Structure formats: structure tokens, C-alpha cells
Amino acid sequence: MPYVVTEPCLDCKYTDCASVCPVQAFHEGPDHLYINPNTCIDCDACLTECPVDAIYSEQNVPDKWKNYIAINRDECEKYPVIQEKIRALKASRCVNSSAEP
């Protein structure tokens, strides 16, 4: 099952996860990252890299964020692939704006 980026990523956009992805499954939207379910190989590399715990296996996405399964699938290809670590957005809705960039 592919991984899914959920709501805690909104306005944070930490890219530590994208920099360790071996298959370039992450896409960078304006305020959020997305994982392409067709590219993700379920390798677990991104899980521990997210400082806001926004990434879940599709089967383990909390009920309150199940809509992010479709959001990732439908939105990912609208945005460019990101594979390097860049400065985090850390805007107003970021749940952990004090985490390292």
C-alpha cells in the first residue's frame, strides 16, 4: 500500500521525506507535499523523516484524514516532483513551526 501525506503537512512542507525517497514519489504543492501512489514503493524511508508525523501507510491513515488518500492521488501529478530538501514553509497552519527547517 502506498504512503499518504495528511493534514499535518499543511503549511509546513518539510521536505526531509522527499530527500530520502528512492523513487521520486513526492510532489511539491504550494502548501503541502503529495505522494504519488503509482510511484511509491512502500519502502518506509519517508516515515521517520517527517517531523510532523503527516505520513501514513494508506491502510493506516487515521479516519479523520482518510480524504487525503484521494487528495494525494488526485493532486500529485498537478505539481512537480521534489527530491531534495529545501527550506520548510512553516506558515500559519503548520502544526510544528518550531521544528528545524
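In what follows, the structure referred to is the one given above.
Throughout, a residue's number is its position along its own chain's written sequence, starting from 1. pLDDT decides what is reported in this predicted model: residues at 70 or higher carry local features, side-chain atom pairs at 80 or more are listed and counted, and totals for whole chains, interfaces and linings draw on all residues regardless. With hydrogens and water excluded, all non-hydrogen atoms of the structure serve as input to the side-chain values.

Salt bridge criterion: a side-chain nitrogen from Lys or Arg within 4 Å of a carboxyl oxygen from Asp or Glu. In the structure shown here, the tally under the stated rule is 6 salt bridges. Its salt-bridge partner being Lys-13, residue Glu-28 comes within 3.0 Å of it at the nearest N-O pair. Of this pair, Glu-28 sits in strand E2 (residues 26-28) while Lys-13 sits in the loop between strand E1 (3-5) and helix H1 (16-20); the two residues are 15 residues apart in sequence, bridging distant segments of the chain. Of the charged contacts, one joins Arg-93 and Asp-31 as a salt bridge, the two residues approaching to 2.9 Å between their closest N and O atoms. Pair noted here: Arg-93 is in the segment after helix H2 (67-75) and Asp-31 is in the loop between E2 and strand E3 (33-35), with a separation of 62 residues, a long-range link. For each residue, the accessible area found with a 1.4 Å probe, counting protein chains only, is set against the maximum for its type, and the residue is called buried under 20%, exposed over 50%, and partly exposed in between. Residue classification places Arg-93 among the partly exposed residues on the basis of a relative accessible area of 47%. Put simply, DSSP marks the helices as runs of H or I at least four residues long and the strands as runs of E at least two long, and each gets a number from the N terminus on.

So, on to the state of the cysteines. Two cysteines, two sulfur atoms, one covalent bond between them: this is a disulfide. In this description, a disulfide is simply a cysteine sulfur pair whose atoms lie within 2.5 Å. Evaluation of the coordinates by the stated rule reveals 1 disulfide. Sulfur-sulfur distance for the disulfide between Cys-12 and Cys-94 comes to 2.0 Å. Handedness of the Cys-12-Cys-94 disulfide follows from its S-S torsion of about 110 degrees: it is right-handed. In this pair, Cys-12 sits in the loop between E1 and H1 while Cys-94 sits in the segment after H2, placing the two residues 82 residues apart along the sequence. Accessibility classification places Cys-12 together with Cys-94 in one group, the buried group. Distance from the sulfur of Cys-21, which forms no disulfide, to the nearest cysteine sulfur (Cys-43) is 6.0 Å.

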